[in-house]
There are 6 protein chains.
Amino acid sequence: MSQLPPEVYQLIDAAIAEDQTFNDPTSQVLIPAEIIGVGMLRAKASGILAGMDVAGAVFHRVDQDLEVQALLAEGAALAPGSEIGTVTGSAGSILRAERIALNFLQRMSGIASDTNTYVRAVAGCGARIVDTRKTAPGHRYLDKYAVRMGGGHNHRMNLADGILIKDNHIEALRSQEVGLKEVIQRALAGASHTIKVEVEVETLEGVREAVDAGAHIIMLDNMAVDTMREAMQIVKGRAVVEASGGIDLETVRAVAETGVDLISIGGLTHSTRALDISLDLEFT
Amino acid sequence: MSQLPPEVYQLIDAAIAEDQTFNDPTSQVLIPAEIIGVGMLRAKASGILAGMDVAGAVFHRVDQDLEVQALLAEGAALAPGSEIGTVTGSAGSILRAERIALNFLQRMSGIASDTNTYVRAVAGCGARIVDTRKTAPGHRYLDKYAVRMGGGHNHRMNLADGILIKDNHIEALRSQEVGLKEVIQRALAGASHTIKVEVEVETLEGVREAVDAGAHIIMLDNMAVDTMREAMQIVKGRAVVEASGGIDLETVRAVAETGVDLISIGGLTHSTRALDISLDLEFT
Amino acid sequence: MSQLPPEVYQLIDAAIAEDQTFNDPTSQVLIPAEIIGVGMLRAKASGILAGMDVAGAVFHRVDQDLEVQALLAEGAALAPGSEIGTVTGSAGSILRAERIALNFLQRMSGIASDTNTYVRAVAGCGARIVDTRKTAPGHRYLDKYAVRMGGGHNHRMNLADGILIKDNHIEALRSQEVGLKEVIQRALAGASHTIKVEVEVETLEGVREAVDAGAHIIMLDNMAVDTMREAMQIVKGRAVVEASGGIDLETVRAVAETGVDLISIGGLTHSTRALDISLDLEFT
Amino acid sequence: MSQLPPEVYQLIDAAIAEDQTFNDPTSQVLIPAEIIGVGMLRAKASGILAGMDVAGAVFHRVDQDLEVQALLAEGAALAPGSEIGTVTGSAGSILRAERIALNFLQRMSGIASDTNTYVRAVAGCGARIVDTRKTAPGHRYLDKYAVRMGGGHNHRMNLADGILIKDNHIEALRSQEVGLKEVIQRALAGASHTIKVEVEVETLEGVREAVDAGAHIIMLDNMAVDTMREAMQIVKGRAVVEASGGIDLETVRAVAETGVDLISIGGLTHSTRALDISLDLEFT
Amino acid sequence: MSQLPPEVYQLIDAAIAEDQTFNDPTSQVLIPAEIIGVGMLRAKASGILAGMDVAGAVFHRVDQDLEVQALLAEGAALAPGSEIGTVTGSAGSILRAERIALNFLQRMSGIASDTNTYVRAVAGCGARIVDTRKTAPGHRYLDKYAVRMGGGHNHRMNLADGILIKDNHIEALRSQEVGLKEVIQRALAGASHTIKVEVEVETLEGVREAVDAGAHIIMLDNMAVDTMREAMQIVKGRAVVEASGGIDLETVRAVAETGVDLISIGGLTHSTRALDISLDLEFT
Amino acid sequence: MSQLPPEVYQLIDAAIAEDQTFNDPTSQVLIPAEIIGVGMLRAKASGILAGMDVAGAVFHRVDQDLEVQALLAEGAALAPGSEIGTVTGSAGSILRAERIALNFLQRMSGIASDTNTYVRAVAGCGARIVDTRKTAPGHRYLDKYAVRMGGGHNHRMNLADGILIKDNHIEALRSQEVGLKEVIQRALAGASHTIKVEVEVETLEGVREAVDAGAHIIMLDNMAVDTMREAMQIVKGRAVVEASGGIDLETVRAVAETGVDLISIGGLTHSTRALDISLDLEFT
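Everything numeric in this text was worked out from a predicted model, so none of it was measured.

Trainee: Help me understand the pairing of strand β10 (residues 240-244) of chain B in this model?
Mentor: Each regular strand displays side chains that alternate between the two surfaces of the sheet. Residues and elements named next belong to chain B. Along β10, 4 of the 5 residues are buried, which leaves the element largely enclosed by surrounding structure. In the classification by handedness, the crossover that spans strand β9 (residues 217-221), the intervening helix α9 (residues 225-235) and the parallel β10 is right-handed. As paired strands, β10 and strand β11 (residues 262-264) are joined by 3 bridges and run parallel to one another. The residue bridging Ala243 from the neighbouring strand is Ile263, located in β11. For the crossover from β10 across helix α10 (residues 252-257) to β11, the handedness is right-handed.

Trainee: Is there a simple way to think about the domain arrangement of chain A in this case?
Mentor: Frequently, the measure chosen for interface size is the accessible area that the parts lose on association. Residue and element names in this part refer to chain A. Along its sequence, chain A is carved into domain 1 (6-119 + 272-282) and domain 2 (123-270). The partner domain 2 presents 24 residues to the 22 residues of domain 1 that form the contact. Buried area between domain 1 and domain 2, summed over both chains or domains, comes out near 1,800 Å², and the portion from carbon and sulfur atoms is 69%. Three residues stand out in domain 1 for area buried against domain 2, namely Arg107, Tyr118 and Val119, and they jointly supply 34% of the buried area on that side.

Trainee: I would appreciate a short explanation of the interface of chain A and chain B in the present structure.
Mentor: Listed as interface residues are 63 residues of chain A and, on the opposing side, 62 residues of chain B. Interface area for chain A against chain B, summed over the two sides, is near 5,200 Å², with a carbon-plus-sulfur share of 62%. Considering only the surface of chain A that becomes buried against chain B, Glu18, Leu30 and Pro137 of chain A emerge as the three largest contributors, covering 14% of it. Our enumeration of links across chain A and chain B arrives at 4 salt bridges. The shortest N-O distance in the salt bridge between Arg140 of chain B and Asp19 of chain A comes to 2.8 Å. On the surface where chain A and chain B come into contact, there are 27 residue pairs in polar contact (both at pLDDT 80 or more). For the side of chain A that touches chain B, the elements supplying multiple residues, two or more each, are α1 (6-19), α2 (25-30), α4 (91-121), α5 (140-149), β7 (163-165), α6 (167-174), α7 (180-190) and β12 (277-282) of chain A.

Trainee: Would you mind showing me how to read the interface of chain C and chain E here?
Mentor: Listed by partner, the interface residues are 11 residues for chain C and 8 residues for chain E. Viewed at the interface, chain E and chain C are joined by 2 residue pairs in polar contact (both at pLDDT 80 or more). For the side of chain C that touches chain E, the secondary structure elements donating two or more residues are α1 (6-19) and α3 (52-62) of chain C. Counting residues per element, the side of chain C that touches chain E draws most heavily on α3 of chain C, at 3 residues. Considering only residue class, the side of chain C that touches chain E consists of 3 nonpolar, 5 polar and 3 charged.

Trainee: Just checking my understanding: could you explain the sheet that holds strand β3 (residues 67-70) of chain A for this structure?
Mentor: Residue and element names in this part refer to chain A. Sheet architecture is open: 4 strands sit in the order β3-β5-β1-β12, paired in antiparallel fashion. Every interior strand has two partners, whereas the edge strands, β3 and β12, have only one. Here the strands of the sheet are splayed against their neighbours by 15° on average, with no regard to which way each runs. With respect to the sheet, helix α3 (residues 52-62) is in contact with β1 (36-43), β3, β5 (83-90) and β12, its orientation differing from that of β3 by roughly 175°. Across the sheet, α4 touches β1, β5 and β12, and the angle it forms with β12 is around 160°.

Trainee: Quick question: what am I supposed to make of helix α7 (residues 180-190) of chain D here?
Mentor: Residues that lie three or four places apart on an α-helix share one face, since the helix turns once every 3.6 residues. Along α7 of chain D, the positions that sit buried rather than exposed are Leu180, Val183, Ile184 and Ala187 of chain D. Mapping the buried residues of α7 of chain D onto a view down its axis gives an arc of 95°, with all of them on the same face. Residues of α7 of chain D that are buried make contact with α2 (25-30) of chain C together with β7 (163-165), α6 (167-174), β8 (197-201) and α8 (204-213) of chain D.

Trainee: Before we go on, may I ask you to explain the side chain of Thr21 of chain A in this structure?
Mentor: Relative to the helices and strands, Thr21 of chain A is located in the loop between α1 and α2. In this structure, Thr21 of chain A is in contact with Ile16, Val62, Arg96 and Ile100 of chain A together with Leu159 of chain B, ignoring residues within four places of it in sequence.

Trainee: Hey, could you run me through the relation of the copies chain C and chain E in this one?
Mentor: Relating one copy of the chain to the other requires a rotation about an axis plus a shift along that axis. Once chain C is rotated about the relating axis by 120° and shifted along it by 0.0 Å, it coincides with chain E to within an RMSD of 0.0 Å. Those values place the two copies in the arrangement expected of a three-fold rotation axis. Closest approach to the rotation axis among the C-alpha atoms of chain C is made by Gln10 of chain C, whose C-alpha sits 6.8 Å away.

Trainee: Would you mind going over the pattern of salt bridges with me for this structure?
Mentor: Any two side chains of opposite charge can pair, on the condition that their charged atoms come close. All names here are of chain A. If you walk through the whole model with that rule in mind, you get 90 salt bridges over all chains. Where Asp143 meets Arg107, a salt bridge forms, and the shortest distance between an N and an O atom there is 2.8 Å. Remark: Arg107 occurs in helix α4 and Asp143 occurs in helix α5; sequence separation between them is 36 residues. On the basis of relative accessible area, Asp143 is assigned to the buried category, the value being 0%. One network of salt bridges, in which partners are shared, links Arg42, Glu83, Asp280 and Glu282.

Trainee: Help me understand the sheet that holds strand β1 (residues 36-43) of chain C, please; the structure alone is not making it clear to me.
Mentor: Backbone hydrogen bonds are what pair the strands of a sheet, in a parallel or an antiparallel way. Residues and elements named next belong to chain C. Taken together, 4 strands build an open sheet; the order of strands is β3-β5-β1-β12 and the sheet is antiparallel. Only two strands of the sheet have a single neighbouring strand rather than two, namely β3 (67-70) and β12 (277-282). On average, each strand axis in the sheet is inclined to that of its neighbour by 15°, with strand direction left out of account. Sheet topology places β1 next to strand β5 (residues 83-90); 7 bridges connect them, and they run antiparallel. Considered in β5, the bridge of Gly37 is made with Gly89. Most of the contacts of α3 go to β3, to which it runs at about 175°, and overall it touches β1, β3, β5 and β12. Across the sheet, helix α4 (residues 91-121) touches β1, β5 and β12, and the angle it forms with β12 is around 160°.

Trainee: Please explain the relation of the copies chain A and chain B as it appears in this structure.
Mentor: You can overlay chain A on chain B at an RMSD of 0.0 Å; the transform is a turn of 180° with a shift of 0.0 Å along its axis. Such a combination of rotation and displacement between the chain copies is what one expects of a two-fold axis. Minimal C-alpha distance to the rotation axis in chain A is attained by Thr272 of chain A, lying at 3.0 Å. A high fraction, 98%, of the interface residues of chain A reappear at the interface in chain B, so the copies pair face to face through one surface.

Trainee: It is not clear to me how α1 of chain C should be interpreted in this structure. Could you clarify?
Mentor: Residue and element names in this part refer to chain C. Over its 14 residues, α1 runs 20 Å from end to end, which matches the ideal 20 Å to within 8%, given 1.5 Å per residue. Buried residues of α1: Pro6, Val8, Leu11, Ile12, Asp13, Ala15, Ile16, Glu18 and Asp19, and no others. Positive backbone phi, approximately 50°, marks Gln20, located one or two places after α1.

Trainee: How should I be thinking about the side chain of His169 of chain B in this particular structure?
Mentor: Tracing the sequence through the fold places His169 of chain B in helix α6 (residues 167-174). Residues in contact with His169 of chain B, not counting those within four places in the same chain, are Thr26, Ser27, Ile31 and Leu95 of chain A together with Leu164 of chain B.

Trainee: What should I look at first to understand the packing of helix α1 (residues 6-19) of chain B against helix α4 (residues 91-121) of chain B in this one?
Mentor: For any two helices packed against each other, the geometry comes down to the angle between their axes and how far apart the axes lie. All names here are of chain B. With their axes 10 Å apart at the nearest point, α1 and α4 run at an angle of 135° to one another. Between α1 and α4, the angle falls in the class oblique. Remark: the crossing between α1 and α4 carries right-handed chirality. Seen from α1, the contacting residues are Leu11, Ile12, Ala15, Ile16 and Asp19; seen from α4, they are Arg99, Ile100 and Phe104. When its residues are assigned to classes, the contact of α1 with α4 shows 6 nonpolar, no polar and 2 charged.

Trainee: Would you mind showing me how to read the environment of Ala191 of chain E here?
Mentor: In this fold, Ala191 of chain E is placed in the loop between α7 (180-190) and β8 (197-201). In this structure, the C-alpha to C-alpha distance between Ala191 of chain E and Gly162 of chain E, residues 29 residues apart in sequence, is 8.6 Å. Ignoring any residue separated from it by four or fewer positions in sequence, one finds Ala191 of chain E in contact with Arg128 of chain D, Ile163 and Val197 of chain E together with Val29 of chain F.

The rules behind each value
- Residues numbered from 1 in each chain as written.
- Chains lettered and ligands numbered in written order.
- Predicted model: local features only at pLDDT ≥ 70, side-chain atom pairs only at ≥ 80, totals over all residues.
- Heavy atoms only, no water.
- Buried < 20%, exposed > 50% of the residue type's maximum accessible area, 1.4 Å probe, protein only.
- Helix = DSSP H or I, 4+ residues; strand = E, 2+ residues; numbered from the N terminus.
- Right-handed = clockwise from strand over helix to strand, strands pointing away.
- Pairing = 2+ DSSP bridges.
- Domains from an automatic or database assignment.
- Contact = heavy atoms within 4.5 Å.
- Buried area = accessible area lost by both parts, 1.4 Å probe.
- Salt bridge = Lys/Arg side-chain N within 4 Å of Asp/Glu carboxyl O.
- Polar contact = N/O pair within 3.5 Å; in protein donor to acceptor, adjacent residues only side chain to side chain.
- Nonpolar A, V, L, I, M, F, W, Y, C, P; charged D, E, K, R; others polar.
- Axes fitted to C-alpha atoms, helices over the stretch in contact; angles between N-to-C directions.
- Arc of directions from axis to C-beta.
- Least-squares fit on C-alpha atoms with pLDDT ≥ 70 in both.
- Expected span 1.5 Å × (residues − 1).
- Parallel < 35°, antiparallel > 145°, perpendicular 65-115°, else oblique.
- Left-handed = near helix turned anticlockwise from the far one by under 90°.

This is the structure:
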């Protein structure tokens, strides 16, 4: 991830503007320009590292003379005390940039860590843990990258990545007296040749109809584990199967053991828990 | 909040770009342009509403002909089933915009709801629940607004809002052989006349020094409740006192009862939990 | 297309900046503010209309009081003299905006018209005419929209829309001693579940390998028509087939008659021919 | 052109956003980060080179560690097989950026090549081949630069560069009962002292009026070659003369031989033909 | 000026960001949302009005429900107490936007007023008062518009508007052993046909050379009034003459009486004096 | 100031766009690419230097190969002839960028110089010279930085920096029958704990009320010097006192001698006088 897309630099600039990084009276009044320090980024909890490059980009955006060094690879396991990286240079610049750098790093590492907990929970089953489009606005790229660092996989990056027929689409067409089968057939006929068609269903009847109509992917929405198992019997490998809705750490293994291919967890990105990481400034 | 600052419109545009809202094959292939629907935003959990205006702005940015109506005021209490607002118009437009609108609304209502839980936990004590600068990059304005909707107060909006001398600042000056007292005096002398000086201390000795040096605000960092109580005895009203660090719902009331003026909770914004809200599309 | 994505408004603003629309000495010196006129947009050649909404948005961006009315639907057939739409209001504003509005409208209608010529050339065959990513930078959305208005279909909107393994990818992996079959299998294993895998091949041997490896789509690159016909025998419906490279109006029907599913034409967007459309200002 | 204006970097960023360069599953899944390659940009047709610096800027924007080297100067003649430049570094980065770099390079070289064909067609006559404001929105700077590389000259960069009284302006003032002579005199009186006044005329009568009124430049709009010759007799060196409208490669030499000073060709930029250039990735 | 170019809206947004308009604790804490007021913009000094539309745009950008009404036309004469316009609506919104609106209005009216003082000082002479490119960065359009409102004329809007050969250009070419005459001839030969060539000279010898070489415009740089008079004798109407450098209100009439065509005054825009205008909030 | 905030780079880009730096026919036609020169920035008047880093950033934005060297520190005293800095490289690039670089440098040094004149006028009194929010839109950061370089101090950077209750706020609340005392108390109660409350008063009665109500800062608006002296007797150190309104170089010392803490001068930024600085291009 050493190269970041333009939108991430724009997000960093937005963060600098909203934090008024260059109008920081605390550093301005107290920290003489000549004080040079080393900031050590250190984990204070266990988890998975993600976002060190973004943190580095923040430091550079605030002061291009700061030197940033990563001490661990992206995706590395962290324990309390793990040394993640250093930033060396003007103490005033480091202090101005610290909070924004940590806000990125803690959020991204938090997502990676939570993802990894799910990934470990289903180890040995074939199921992939995947994310959703329930990301913080403006953070899609970073949130999804963090999921990958945690060992998860990405569902659609955005609307363009595939056809996903949800209950509201089905409802809209039902109001026109178009049934599920016809909906799926229209999608298959109209879709660009490079993308697949996924359908959200809530009942076994829906599973049957969707598979028969040729849907490439079936999303089992909020189904009980037993019903999922029956659904897998119906699908019998004719489609990829995704389990979705209300799955948490307590239930995820049972879901995975039904044989579904994918388990999507919205909470990975919509209910993030920042991983505790600190920056300790040291002087020599 | 019916008027939003330019940076929020930029964030909405960034969200539209990253979700490829205008390249949605699902709507494009399946939903005829003439289908008109009503989307009902409905709470699926209890909490506090925040962000309906932002959700409305998202719908308008995607299709200026959509009509958005709020059914509840910002800050209103929500129960499962509460009807929050409606969006009426092209079903295709509503479906394209739905996820982004919900991503804002669920995050903001989640922050308001969590804040409110803390506010209720300290009811009757004098302490204010305040936020921190640990917000999602690009979301500072929205996150802090949501805290207010939940009954909380805002700490510094950004670095420019006050002088806050943290451990790293103190460390930097100690490396120059400048002691805490001198640091505070320099801050008081150098600060603009419109802002105050806050100091983070970890020990009772620090509290004493800071108050004697004339700090306007003392932040008790990660102190045990008993130590906080002693600190209050030392301060004796000569400064505003903020408790910070590692306070959760179990401990917050005890902290409040020490008599501190402010309790800051980073988790309100760095570890948000989305409030479950759905959009149900209906046709007449 | 009555709603345009934010990036199109940014492109319009860029066009206004580069044309210095608001620093137009000709209108400023000559056209009194009170002159009101009607500009009639009129085709001067045969073709297909695309882009009237964008032209309208240009006029509104220059002067929000201009009234724009479309007289024909997007995708409509145009003959010399066809009246496309009107813009009414300040003559100075219309004259300032005219060139930019026409630059969009002529380019988009040109693309739609050329596409339509290809679409008509293959009428009755099953093949779809599709575009490529060879669009003018910044015009992806508009160029691809115009292709649809001309009766064509869109290939990938962007890199994220599907896996397309081209010669350079194959070459890169061959340098690592990874063969075509293995490349395709890695792609199938690693791809997100919502997208398909397409492979570019130049020989019948390549076709065989690709189909056997399970590629969803085979792109026949620069193949002779006879060879394509053989390729279709090999594929036998096991994959979608796209013909690509060096196909023009003289050869396209023969290509279509081989039974390929898709024919991609880069020239639709990389070598556009503006459709001649004029704006005639009239006064009453 | 080694330095590009800010608007070109913005256009490059827009191109990266619309192509989702940083969400490329093909490279992500298939190309290991450690593969290093050399991409050779090679002409596949004859023409004139323009845009290598822009292509280089694209590669750098996608990966600042890519090394770009130009092997030919801007404006150089190209033959099939000509080696234009190399880009060395991460194969994944080169592949992600390739299409956008080529989209710029092929369009710009196409414009330069077509311009050059016209320039050669009028060699020996005094006439300059000039462009128009009929450029792709957002590409004004690049399109006009390419015209210069092809040996052409630039007409107005934008509206601010001169007064050009066109038929619609004349029509607007005729509706106020202001005749051509008066229009020109108003323009001469009102114009800033640094710019000239050009008038579009369609008849010899118009030519006479315009020259007598003191117009600095006369544009002969859509005139027959014989009429142009008569027009030159009327003007007799009292004004610069531009021929415009419907001139193509077959007629341009005859037009030039009338002695006009400038021949403007809208098609150079509104109906571009991409020059075929490929990037061949090589491994050592 | 009722329509503003996109760059002015961007400048307004930048002003809102830098003033943190939407984070105004004074209004937030003190002004209840329901208080409606009328703000009267009133001159407190004599001068010329410019910028009311920009002020209006600021109010609308902060709160689209504010109603703005201009009571005087742009360019109108102001005396202490003159009522310029009103803004009606939420008192909180008016107070948040007030300072930015006034910052624009006072600067622009200040420029218009100073310009007008110069224009009146040369009344009856033929000379035009013109501005320079010495404008506040980002304010070119507004500063030059204000000059026009004050009765002045605009010199080049930007570098593209004409060729102006200044001492540094002459020096650069002298270092290549190219003399003034040759410089001017190269400029005349190389210039686009729509722009003119102006030369800055400091001596009568320079005037002679420049006129003889065919320069369209001669700028007399920092010349004494007597020397200017001699220069006019040399030029004898063969070129437009501009006086420039160190001209102030005391000397401008004498300069104008030499018969020069243009007098440029950098101070109009580089040393602006804000016109005193207040906003008085009234309640009914 | 060697690092500039993102908004300053945006302002530089806006300046480049409005000056059409990359469309400069004078340099393009006359200055061969190979001419290398040294531009010396030299003061032509006495004052204080501010903005050399911004000027340097302009040169780099136009041509990253230009080498910029500062010869004096920011805040240094300038006399006519003082050598400020050099820029070395392509003469064409230096000439294209010169005007914008000087526009920044002259404005900022002008503000620093004027500020310094005030600072020297009150030397020995305790009063600080402070600025206001009356800055050129888009220049807040630079204008306030220049004030500091001149020895002045900054008042609020923006609205968020403190509560300042002005006459219009008081008027708004009076319309609700809320008196001054109550207004101040509400402000004290509602303000964030990190900012102070300042009140603008025009009479001694107002002073008394404000101090008694506990305002942290009293702004004496447009008071006569004698009245100010009485006000100081009333305040007796219970609040910080700021004098504001109509103070100029003739009166500032008398105001300072009343013992006020702060004297704010709007004219420092709303009525700037550019300091005369030239760039002389030299060749070796």
